[in-house]
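One-letter residues, chain by chain:
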Amino acid sequence: MLIAGNWKMNPPTLAEAEALGRALRLAPPTPATLLVCPPFTALASLAALLRGTRIGLGAQNCAATPDAGAHTGEISAAMLRDLGASHVILGHSERRADQAESDALIRAKIAAARAHGLIPIVCVGETADQRRAGQAESIVAAQLAASLPDDFAGIIAYEPIWAIGTGLTPSAADVTAMHAALHADLAARFGARAEAMPILYGGSVKPGNAADLLALPHVGGALVGGASLNAADFLAIAAAG
Ligand code: 13P
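What you see is a predicted model, and the numbers here were worked out from it, not measured in a lab.

Before we move on, can you summarise the pairing of strand S2 (residues 33-37) with the specific residues and values?
Across the five residues that make up S2, a large majority, four, are buried. Relative to S2, strand S1 (residues 2-6) runs parallel, the two being bridged by five bridges. Opposite glycine 5, over in S2, you have valine 36 as the bridge partner. With helix H1 (residues 14-25) bridging S1 and its parallel neighbour S2, the resulting β-α-β unit is right-handed. Sheet topology note: the S2/strand S3 (residues 55-59) ladder contains three bridges and is parallel. Residue pairing across strands places leucine 35 opposite glycine 56, the latter belonging to S3. Viewed along the sheet, the connection from S2 through helix H2 (residues 40-50) into S3 turns out right-handed.

So this is what it looks like as structure tokens:
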């Protein structure tokens, strides 16, 4: 089980990010692997705070261009590796929507991440309208097919957009069906290598629903947003895994 915290554009100050890191450092050992993904501005501090703990460090995005150069405002996978990050979230629905990230751009970012040894956590998910129209599985399958390069290795996160930050979650049957479909798609494309591609669930994961969600077939962990900003909640979710 991988329990990853996506802090998004939070908390507002470095001091608060460090306080959260210090609280997590006290985490009792859990069978689950823990990962925190703070904003870029807190990565170096968190790397220092979490060094020697069992908590890994990830970023929330990287440039599609793998190497240093004239790309104002961009952060490369090489820079993230240098700071101690092991993972990077790519293709989050907030970036697909707010920054108009395309599947092709996400594919290029995955290649850049892998070129520098970062493990990508690639997000896919449907809108409420798409689910109502019965298109959830076809939309997610299309995102997966177009986002992943042929030599993909890494982690998938299924995050229904309508479940993010809303307190809503899909039914156990819907999560099970989607994760089974994703696993089948990965197996069809990548063969035995698909077994090493965990599929996380994300969207309103809380201490109260984590055990039920994490027990479902083909759910290899959770990508946690809001609840990862509270150390006690994040650790409770980790304990449920
Ligand atoms: P919430 O847990 O706040 O719903 O966010 C989920 C998410 O987007 C994680 O990447």
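Go over the pattern of salt bridges, please, and point to the residues and values.
Tallied over the full model, the rule gives nine salt bridges. The partner of lysine 109 in a salt bridge is glutamate 101, with the nearest N and O atoms 2.7 Å apart. Considered together, lysine 109 and glutamate 101 belong to a single accessibility category, that of buried residues. Across the salt bridge formed by arginine 131 and glutamate 126, the nearest N and O atoms sit 2.7 Å from each other. Residue class for arginine 131 comes out partly exposed when judged on its relative accessible area of 23%. A residue is classified by how much of its surface remains accessible, and glutamate 126, at 0% relative accessible area, is buried. What you see here is one network of salt bridges that share partners, running through Arg95, Glu101 and Lys109.

Procedures and definitions
- Residues numbered from 1 in each chain as written.
- Predicted model: local features only at pLDDT ≥ 70, side-chain atom pairs only at ≥ 80, totals over all residues.
- Heavy atoms only, no water.
- Buried < 20%, exposed > 50% of the residue type's maximum accessible area, 1.4 Å probe, protein only.
- Helix = DSSP H or I, 4+ residues; strand = E, 2+ residues; numbered from the N terminus.
- Pairing = 2+ DSSP bridges.
- Right-handed = clockwise from strand over helix to strand, strands pointing away.
- Salt bridge = Lys/Arg side-chain N within 4 Å of Asp/Glu carboxyl O.

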